[in-house]
Amino acid sequence: MPDLVETAVNAGNFNTLLKAAEAVQLLETLKSPGQFTLFAPTDEAFAKLPEGSLDALLEDISKLKKIVAYHVAFGDVRSDDLKQIDEAQTMEGSVIAIESVDGGIKVNDAHVVTTDILTDNGVIHVIDEVLMPAMVAGGRG
């Protein structure tokens with residue numbers, strides 16, 4: 001079974017996320033044998049960011065690393081698990097809010113549009129928005 005990175009590459013709609021993960025040197029971590037849950041914003045989700053902000057982030061590696069790491073939780077957390085918890089610890093260090101709403105799942109303000117894409121070293125849940133850690137969203141950090 002392919003790992004998280006190979007699965008994201010094969011899907012074809014996570015190019016921006018993969019570019020960001022590569023820029024902050026997280027690709028090797030996401031290929032490693034540990035178990036991870038990746039909340040993966042699509043290229044469309046990145047396109048919703050204000051104009052110019054993605055380019056600015058690609059130049060601010062420390063801020064970009066916090067954002068990319070904020071999309072990764074430790075362990076293999078599947079949709080059944082997401083429905084039973086209200087938060088998850090991220091690789092970035094802070095927690096994301098998990099909420100079951102109208103039969104779906106929200107992660108902070110993003111909707112999970114596809115759940116449980118299984119990989120060799122974890123699971124991918126596709127989300128429709130880029131998650132921003134409070135420290136980055138608030139302008140600090």
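Structural notes, computed from the coordinates.

The rules behind the values
Residues numbered from 1 in each chain as written. Predicted model: local features only at pLDDT ≥ 70, side-chain atom pairs only at ≥ 80, totals over all residues. Heavy atoms only, no water. Core = buried A, V, L, I, M, F, W, Y, C linked by side-chain atoms within 4.5 Å. Buried < 20%, exposed > 50% of the residue type's maximum accessible area, 1.4 Å probe, protein only. Helix = DSSP H or I, 4+ residues; strand = E, 2+ residues; numbered from the N terminus. Contact = heavy atoms within 4.5 Å. Axes fitted to C-alpha atoms, helices over the stretch in contact; angles between N-to-C directions. Parallel < 35°, antiparallel > 145°, perpendicular 65-115°, else oblique. Left-handed = near helix turned anticlockwise from the far one by under 90°. Nonpolar A, V, L, I, M, F, W, Y, C, P; charged D, E, K, R; others polar. 1 Å grid on protein atoms, 1.4 Å probe; cavity = no way out; pocket = protein on both sides within 12 Å on 5 of 7 lines; lining within 4 Å. Points joined across faces, edges and corners; volume = space filled by probe spheres on them.

### Focus: the nonpolar core
Then comes step 1: Formed by 28 residues in total, the largest nonpolar core has its most connected members in Phe14, Leu38 and Val68.
Then comes step 2: Elements that contribute at least two residues to this core include exactly α1 (4-11), α2 (15-23), α3 (27-31), β1 (36-41), α4 (43-47), α6 (61-69) and β7 (122-127).
Then comes step 3: What valine 68 contacts, discounting residues up to four positions off in sequence, is Ala20, Ala21, Val24 and Leu26.
Then comes step 4: Counting 14 residues, the second largest nonpolar core, distinct from the first, contains Tyr70, Val77, Ile105 and Val107.

### Structural notes on the packing of α2 against α6
Then comes step 1: Taken N-terminus to C-terminus, the directions of α2 and α6 make an angle of 125°; their axes are 9 Å apart at the nearest point. Comparing the axis directions of α2 and α6 gives the class oblique. For the pair α2 and α6, the crossing hand works out as left-handed. Residue-level contacts link Ala20, Ala21 and Ala23 of α2 to Ile61, Leu64 and Val68 of α6.
Then comes step 2: Classifying every residue of the contact of α2 with α6 by side-chain character gives 6 nonpolar, no polar and no charged.

### Remarks on empty space enclosed by the protein
Then comes step 1: According to the stated counting rule, one finds 1 cavity of 30 Å³ or more in the structure shown.
Then comes step 2: Roughly 50 Å³ of internal volume is contained in the largest cavity.
Then comes step 3: Every residue along the wall of the largest cavity is listed here: Leu4, Val5, Ala8, Leu17, Leu18, Ala21, Leu27, Leu30 and Leu38.
Then comes step 4: Breaking the lining of the largest cavity down by element, the ones donating at least two residues are α1, α2 and α3.

### As for unusual backbone geometry
Then comes step 1: In this model, glutamine 25 sits at a positive phi of 60°, which is unusual for a non-glycine residue.
Then comes step 2: With respect to the element layout, glutamine 25 can be found in the loop between α2 and α3.
Then comes step 3: Its relative accessible area of 68% is what places glutamine 25 among the exposed residues.
Then comes step 4: Backbone geometry at asparagine 108 places phi at a positive 50°, although glycine is not the residue there.
Then comes step 5: By secondary structure assignment, the location of asparagine 108 is in the loop between β5 (104-107) and β6 (110-119).
Then comes step 6: Note on asparagine 108: relative accessible area 23%, which makes it partly exposed.

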